[in-house]
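Coordinate inspection notes
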Amino acid sequence: MRSAHTADTVREAERALMARLPEGALMRRAATALAAECARLLPRVYGARVVLMVGGGDNGGDALYAGAALAARGAAVRALIAGRRVHEGGIAALRSAGGRVRWFTDALADESDLFDADLVVDGLVGIGGSGGLRRPHSTLALLAANAPVPVVAVDLPSGVDADTGEVAGHAVRADVTVTFGTHKPGLFVDPGAERAGRVRLVDIGLTPELPGPELVSPRAADIASLLPVAGAESDKYRRGVLAVRAGSDRYRGAAVLCVGGALRTGVGMVRYGGGPAVVDQVLARWPETVASLLDPQNSTDLSPGRVSAVVVGSGRGTHPANADELRAVLDSDVPVLVDADGLTLLTGQWGEPLCELLRERKAHTLLTPHAGELARMLGADRGDVEARRLEHAARARDRFGCTVLLKGSTTVIAHPGAPVVVNPTGTPLLATAGTGDVLSGVVGALLAAGLPAREAAMCGAYLHGRAASLARDGAPISASDLLEALPLAVAEVRRAA
């Protein structure tokens, strides 16, 4: 599991570590690792042209000392100093090694400053930066964005908020980010994650000083350790029975996709309830489903049979009878996943009584909104939700008292009393109709198998993203393609165990 800590936590840990080390030792550790990564990116160090974009903070010092190490190996290193302050020790080290220094202003901006380089190092603004980059930093960020050379960011791309991933204005777009001590949340969450490129974590001895993480991002092995494994004594009931209350005459495909997502993830049984036309379509595609005809105006009974978890809402509708159905589901003692129309019901005229029931539940409960749905649930602006995903997922978790999976370019999972989870397998391939219905079935299957809501959401989102990438080898997909790729994703994850 990759862990991330906020800027304040990192600074406090750095102060504690520096108090036990000789002056400058921590910066030299970071600079040595940064220089080594830069050397790996160059075809050769001797004769390479390296440009350092340097601000006045410690990131600028890291860049200068790394530049000095590269210059000592024969690289032609040039530092462009933005702002009025600079790390004097770093400047002295670079000059002593043969590097050159120039103070950069907008008036002296020249594309050739970066275009003739083999590598650009971004040391403009560190984890303490907030808001958009100002001139001349923003000018350098624009030059770097247009330069046809690799860019290495020091700790975090300048202009990205370390704690949220928010980008206000211009930001550096890195090919590689070398981050020190621990990951920063902004490296995992869009739009910041998209600007970080490949992230390389460097151990500088900070781990003993750090508390538990504020955010985690799972690897394949973490998912493999959580996935249910069928044993010799397993039967369909032990593997979990999922009740699916999705789809309607208008949105029959939602039921087909949700049921398919559950079956392809390995649930023991799916019990589907709906109107005749939807039941016929579900059975035509998935004959192994145990289907029951339910009067849409009287669908509050989870019977017949044992049920381990319920998925409700995808394409179901927002008729008053659907509110009754959701109320009955929330009043049950089994884990529940609420999606799509079920989320809309939480904000309508029946919203407050349903939300109160939601907060009172003892069983695991999971809400799976996209940004627009969460904006309506919180009375927020969709753009704000997309810009500050961590903040709004946490707000929803606290307001509704349950687990919240916020879908989107970065899927974020917030659970009471636990670090936020960021899914690393998200892909634009999932931006197509019906993929959310599949996700509901996937996560519902894992809930039915006994995983707690946070773990089911984490595993489901990971498998969902990998299935999208595997389905057509990176070519465009439809939601139906995910159904055949889900077993491939499960098999791939199990190989990582």
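Remember, predicted model here, so these are calculated numbers, not experimental data. (Residues numbered from 1 in each chain as written. Predicted model: local features only at pLDDT ≥ 70, side-chain atom pairs only at ≥ 80, totals over all residues. Heavy atoms only, no water.)

Thoughts on the overall build of the protein chain
Put simply, the rule reads: Secondary structure elements are taken from DSSP: a helix is a run of H or I of four residues or more, a strand is a run of E of two residues or more, and numbering for both begins at the N terminus. Only heavy atoms matter for contacts: two residues are in contact if any of them lie within 4.5 Å across the pair. Using a 1.4 Å probe, the Shrake-Rupley method yields the accessible areas, and only the shown protein chains count as cover for residues. Charge counting treats Lys and Arg as positive and Asp and Glu as negative, with His and both chain ends excluded. The atom standing in for a charge is NZ when the residue is Lys, CZ when it is Arg, CG when it is Asp and CD when it is Glu.
Counting its regular elements, the protein chain contains 19 helices and 18 strands. When its C-alpha atoms are laid out on the principal axes, the protein chain stretches across 80 × 45 × 45 Å. Sequence-distant contacts in the protein chain: of pairs separated by 6 or more residues, those separated by 24 or more amount to 70%. Within the structure as shown, the protein chain displays about 20100 Å² of accessible surface, and the carbon and sulfur contribution to it stands at 49%. Placing the 52 positive and 54 negative side-chain charges of the protein chain at their respective mean positions leaves the two points 3 Å apart.

Notes on the packing of helix H14 (residues 371-378) against helix H16 (residues 389-400)
Inclusion rule: Only the stretch in contact is used when fitting a helix axis, every axis being a line fitted to C-alpha atoms; angles between N-to-C directions are given from 0 to 180 degrees. Here is the rule for angles: anything less than 35 degrees is roughly parallel, anything more than 145 is roughly antiparallel, 65 through 115 is roughly perpendicular, and the remaining ranges are oblique. Each crossing gets its hand from how the near helix is turned against the far one by less than a right angle, where anticlockwise is left-handed and clockwise is right-handed. Here the term charged refers only to Asp, Glu, Lys and Arg, the term nonpolar to Ala, Val, Leu, Ile, Met, Phe, Trp, Tyr, Cys and Pro, and the term polar to all other amino acids, Gly among them.
One can describe the packing of H14 onto H16 by two numbers: an axis separation of 11 Å at closest approach and a directional angle of 50 degrees. Here H14 lies oblique to H16, going by the angle between them. Once H14 is placed against H16, the crossing between them reads as left-handed. On H16, the residues that touch Leu374, Met377 and Leu378 of H14 are His392, Ala393, Arg395, Ala396, Arg399 and Phe400. Looking at the contact of H14 with H16 residue by residue, the classes come out as six nonpolar, one polar and two charged.

Details of the sheet that holds strand S4 (residues 100-104)
Stated formally: For two strands to count as paired, DSSP must find a minimum of two bridges between them.
As summarised here, the arrangement of the seven strands in space is S4-S3-S2-S5-S6-S7-S8, forming an open sheet in which the pairing is parallel. Among the strands making up the open sheet, the edge pair consists of S4 and strand S8 (198-202). For this sheet, the mean angle separating the axes of adjacent strands, direction not counted, is 20 degrees. With respect to the sheet, helix H2 (residues 25-41) is in contact with strand S5 (119-123), strand S6 (151-154), strand S7 (176-180) and S8, its orientation differing from that of S7 by roughly 160 degrees. Across the sheet, helix H3 (residues 58-72) is in contact with strand S2 (49-54), strand S3 (76-82), S5, S6 and S7; its angle to S2 comes to roughly 165 degrees.

Looking at the packing of helix H11 (residues 320-330) against helix H13 (residues 351-360)
The geometry of H11 relative to H13 is characterised by a closest axis approach of 10 Å and an angle of 15 degrees between their N-to-C directions. Between H11 and H13, the angle is such that the two are roughly parallel. Of the two elements, H11 crosses H13, and the hand of that crossing is left-handed. Contact residues: Ala323, Leu326, Arg327 and Leu330 in H11; Leu354, Leu357 and Leu358 in H13. The residue inventory of the contact of H11 with H13, partitioned by class, reads six nonpolar, no polar and one charged.

Structural notes on the pairing of S5
Where we set the bar: Burial classification: accessible surface area is computed with a 1.4 Å probe over protein chains only, and a residue below 20% of its type maximum counts as buried, one above 50% as exposed, and the rest as partly exposed.
For S5, a buried count of five out of five residues is recorded, marking the element as mostly surrounded by other parts of the structure. Neither face of S5 is open: one carries Leu119, Val121 and Gly123, the other Val120 and Asp122, and all of them are buried. As paired elements, S2 and S5 share five bridges and run parallel to each other. The residue bridging valine 51 from the neighbouring strand is valine 120, located in S5.

Comments concerning H3
What counts is decided by this rule: The length a helix should cover is 1.5 Å for every residue beyond the first.
Taking 1.5 Å as the rise per residue, H3 with 15 residues should run 21 Å; its terminal C-alpha atoms sit 21 Å apart, in good agreement. For H3, the tally of buried residues reaches eleven of 15 residues, placing the bulk of the element in the interior. When we look at burial in H3, the residues that qualify are Asn59, Gly60, Gly61, Asp62, Ala63, Leu64, Ala66, Gly67, Ala68, Leu70 and Ala71. Just downstream of H3, glycine 74 is the residue with a positive phi angle, here 100 degrees.

Some details on the nonpolar core
Here is the rule: Throughout, nonpolar core names a set of buried Ala, Val, Leu, Ile, Met, Phe, Trp, Tyr and Cys residues whose side chains join them through atoms within 4.5 Å.
Counting 58 residues, the largest nonpolar core has Leu227, Leu242, Val244, Val259, Val267, Tyr272 and Val438 as the members making the most contacts within it. Top contributing element to this core by residue count: helix H18 (residues 453-471), with ten residues. Ranked by size, the runner-up nonpolar core spans 49 residues in total, among them Ala13, Ala71, Leu94 and Leu119.

Description of the domain arrangement of the protein chain
The test is simple: Residue ranges labeled as domains rest on an automatic or database domain assignment. Accessible area, probed at 1.4 Å, shrinks when two parts are joined; the buried area is that loss added up over both. Salt bridges, as used here, are contacts in which a Lys or Arg side-chain nitrogen is within 4 Å of a carboxyl oxygen on Asp or Glu.
Split by domain assignment, the protein chain resolves into domain 1 (2-217) and domain 2 (220-495). The distance between the C-alpha centroids of domain 1 and domain 2 comes to 40 Å. Facing the 14 residues of domain 1 at the interface are 13 residues of domain 2. When the two sides are added together, the surface that domain 1 and domain 2 hide from each other amounts to roughly 1000 Å², 57% of it contributed by carbon and sulfur. Counting every contact that joins domain 1 to domain 2 gives one salt bridge. Note that arginine 388 and glutamate 166 form a salt bridge whose closest N and O atoms lie 3.9 Å from each other.

Section: the pattern of salt bridges
Inspection of the entire model under this criterion finds 25 salt bridges. The shortest N-O distance in the salt bridge between aspartate 339 and lysine 407 comes to 3.2 Å. Of this pair, aspartate 339 sits in the loop between strand S14 (336-338) and helix H12 (341-345) while lysine 407 sits in the loop between strand S16 (403-406) and strand S17 (412-414), placing them 68 residues apart in sequence. We classify aspartate 339 as buried; its relative accessible area is 2%. Its salt-bridge partner being glutamate 352, residue arginine 359 comes within 2.8 Å of it at the nearest N-O pair. The class for arginine 359 is partly exposed, based on a relative accessible area of 31%. Through salt bridges with shared partners, a single ionic network connects Glu37, Arg40, Arg198 and Arg200.

Here we look at the packing of aromatic side chains
To describe a pair of aromatic rings, you give the distance between the ring centres and the angle between the ring planes. Note the following rule: In this analysis, rings of Phe, Tyr and Trp, with Trp reduced to its six-membered ring, are considered paired at centre separations within 6.5 Å, and the interplanar angle assigns stacked below 30 degrees, edge-to-face beyond 60, and tilted for intermediate values. Geometrically, a charge over a ring is one whose NZ (Lys) or CZ (Arg) sits within 6 Å of the ring centre while staying within 35 degrees of the ring normal.
In the structure shown here, the tally under the stated rule is zero aromatic pairs. Arginine 285 extends its terminal NZ or CZ atom over the ring of tryptophan 286, reaching a point 3.9 Å from the ring centre.

Regarding the pairing of S16
Of the two faces of S16, the one carrying Thr403 and Leu405 and the one carrying Val404 and Leu406 are both buried. One ladder, built from two bridges, connects strand S15 (residues 365-367) with S16; its direction is parallel. Each residue of the ladder has a partner; that of leucine 366, found in S16, is threonine 403. Two strands pair when backbone bridges link them, and S16 and S17 are joined in this way by three bridges, in the antiparallel orientation. Looking at the pairing, valine 404 lines up with alanine 414 of S17. What sits between the antiparallel neighbours S16 and S17 is a turn of five residues, in which glycine 408 has the positive phi angle 150 degrees.

Considering the sheet that holds S14
Pairing in this open sheet of eleven strands is mixed, and the strands run S1-S9-S18-S17-S16-S15-S14-S13-S10-S11-S12 from one edge to the other. Only two strands of the sheet have a single partner each, and these edge strands are strand S1 (2-4) and strand S12 (290-293). Each adjacent strand pair in this sheet contributes to an overall mean axis angle of 20 degrees, direction not counted. With two bridges joining them, strand S9 (residues 215-217) and strand S18 (residues 420-422) adopt parallel strand pairing. From the neighbouring strand, leucine 215 faces S18, where its bridge partner is valine 420. Strand contacts of helix H9 (residues 252-265): strand S10 (241-245), strand S11 (269-274) and strand S13 (309-312), with the helix running at about 165 degrees to S11, the strand carrying the most contacts.

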